[in-house]
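Architecture at a glance
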Amino acid sequence: MPPPVFRFAPSPNGYLHLGHAYSALLNFDLARASGGRFLLRIEDIDATRCRPEFEAAIYEDLAWLGISWETPVRRQSEHLSRYREAVEILAGLGLIYPSFESRAEIARLVVQREASAPWPRDPDGAPLYPGEAKSLPPDERNRLIGEGMPYALRLDMPKALARTEELAWQEDGAGPGGESGVVAAHPEAWGDVILARKETPTSYHLSVVIDDALQGVTDVVRGQDLFWSTSVHLLLQQLLGIPQPAYRHHRLVADSSGQKLSKSTAATGLRELRGQGASPAEIRRIVGLSE
Ligand code: GLU
């Protein structure tokens, strides 16, 4: 049996905090305990939010924690053509369509729809796509694209589901509602998800699935906040004919008031804690990992 492959896949859009430290250390520990490999992947597809100084800080903070990784590090921004190819495959199956509404227009449509009944939301709380771009005639689509209109490429969820078998995964951790064991996927809960945009030919969902497959990742260990994204990932894996790794979603590290950490602050940022004299061993203890 080839060794298991784990990865930590941060986005360089801010400094790492205790939650990242827990996830990175857990993956690194699991790889070491199983004689496996540990990869670091930089998820930098969002050119407006990712910055080189954050990426440099990721390398510095992880090395300080005592983590080492294989090189070269995969940086998603260097592989956009790979993701484009996957979009082409899905488009060839007739599963992709462009939508042209701005965020403000979508918000307005949702308000309109909600006048009669509550409009469904995805697992992250965002309203499902309320527009009707799916029924635009091809000429009209081409005209709008030709005029340079911004667009999002969406997965036609009902059509995608019609092509796939029932989806489920073995959860080795737990979901936000305590889900574990064999979990049934519910990709339909996300509606017609965006897989790419005019200015970024990919999305989190698409690139994570492609990269995990290309890098031979066998074990995805990540935060519970991504638990239900797994439904979309399984669907894409089946549509693209790529392997499904094992999944383990871990608890999120909370701050002293019990809130999920989203931004690094003086109390939770690794750089700040290091500046205040904390040691890597103390970081392990704070996040609940043994030394
Ligand atoms: N890049 C994602 C994040 O920073 C994590 C991706 C994953 O682990 O699937 O939240």
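Note that the coordinates shown come from a computational prediction; the quantities given were computed from them, not determined experimentally. (Residues numbered from 1 in each chain as written. Predicted model: local features only at pLDDT ≥ 70, side-chain atom pairs only at ≥ 80, totals over all residues. Heavy atoms only, no water.)

Turning our attention to the overall build of the protein. Along the backbone of the protein there are ten helices and ten strands. Whereas a compact globule of 291 residues would reach a radius of gyration of roughly 19 Å, the protein reaches 20 Å, a difference of no more than 12%. Seen along its three principal axes, the alpha-carbon backbone of the protein occupies a region of about 60 × 45 × 35 Å. Sequence-distant contacts in the protein: of pairs separated by 6 or more residues, those separated by 24 or more amount to 76%. The averaged location of the 38 negative side-chain charges in the protein is 2 Å from the averaged location of its 31 positive side-chain charges. (Helix = DSSP H or I, 4+ residues; strand = E, 2+ residues; numbered from the N terminus. Rg over C-alpha atoms; globule rule 2.2 N^0.38 Å. Contact = heavy atoms within 4.5 Å. Lys, Arg positive; Asp, Glu negative; His and termini not counted. Charge placed at Lys NZ, Arg CZ, Asp CG, Glu CD.)

Turning our eyes to something else, we now look at the nonpolar core. Of all hydrophobic cores here, the largest spans 34 residues; its most connected members are Leu90, Leu155, Leu206 and Leu236. Going through the elements one at a time, helix 3 (80-92), strand 5 (152-155), helix 6 (157-163), strand 8 (194-197), helix 7 (204-214) and helix 8 (229-240) are the ones with two or more residues in this core. Take this core: its biggest share by element is six residues, from helix 8. Contacts of Leu206, omitting those with residues within four sequence positions, involve Tyr83, Ala86, Val87, Leu90, Leu195, Leu236 and Leu240. The next biggest cluster of nonpolar side chains, apart from the first, holds 28 residues, and it includes Leu16, Ile67, Val253 and Val287. (Core = buried A, V, L, I, M, F, W, Y, C linked by side-chain atoms within 4.5 Å. Buried < 20%, exposed > 50% of the residue type's maximum accessible area, 1.4 Å probe, protein only.)

So, about the packing of aromatic side chains. Counted by the stated rule, this structure contains eight aromatic pairs. Between Arg113 and the ring centre of Trp119, over which it is positioned, the NZ or CZ distance is 5.6 Å. Its guanidinium or amino end placed over the ring of Tyr129, Arg154 lies 3.9 Å from that ring's centre, counting from NZ or CZ. (Phe/Tyr/Trp six-rings, centres within 6.5 Å; stacked < 30°, edge-to-face > 60°. Lys NZ or Arg CZ within 6 Å of the ring centre and 35° of its normal.)

For the rest of this paragraph, the subject is unusual backbone geometry. Following Thr71, the chain continues into Pro72 via a peptide bond in cis, with omega recorded as 0°. Relative to the elements of secondary structure, Pro72 occurs in the loop between helix 2 (52-65) and strand 3 (74-75).

Moving on, we come to the sheet that holds strand 4 (residues 96-99). In any sheet, the strands associate via hydrogen bonds between backbone groups, in a parallel or an antiparallel arrangement. Read from one edge of the open sheet, three strands run 4-5-8, paired in antiparallel fashion. Looking at which strands have only one partner, the edges of the open sheet turn out to be strand 4 and strand 8. Adjacent strand axes in the sheet meet at a mean angle of 30° when their direction is disregarded. Relative to strand 5, strand 4 runs antiparallel, the two being bridged by four bridges. Within the sheet, the bridge partner assigned to Ser99 lies in strand 5 and is Ala152. Against the sheet, helix 3 touches strand 4, strand 5 and strand 8, its axis set at about 105° to strand 4. (Pairing = 2+ DSSP bridges. Axes fitted to C-alpha atoms, helices over the stretch in contact; angles between N-to-C directions.)

Right, let's talk about the pattern of salt bridges for a bit. Opposite charge on two side chains permits them to pair, given that their charged atoms come into close proximity. Applying the stated criterion across every chain, the model contains 22 salt bridges. Close ionic contact of Arg274 with Glu60 constitutes a salt bridge, the shortest N to O distance being 2.7 Å. Of the two residues, Arg274 sits in helix 9 (residues 270-275) while Glu60 sits in helix 2, which places them 214 residues apart along the sequence. For Arg274, a relative accessible area of 23% puts it in the partly exposed group. Assessed through its relative accessible area of 39%, Glu60 is described here as partly exposed. Arg143 serves as the salt-bridge partner of Glu147, at 2.6 Å between the closest nitrogen and oxygen. Residue classification places Glu147 among the exposed positions, given a relative accessible area of 52%. Under the relative-accessibility criterion, Arg143 is labelled partly exposed at 41%. (Salt bridge = Lys/Arg side-chain N within 4 Å of Asp/Glu carboxyl O.)

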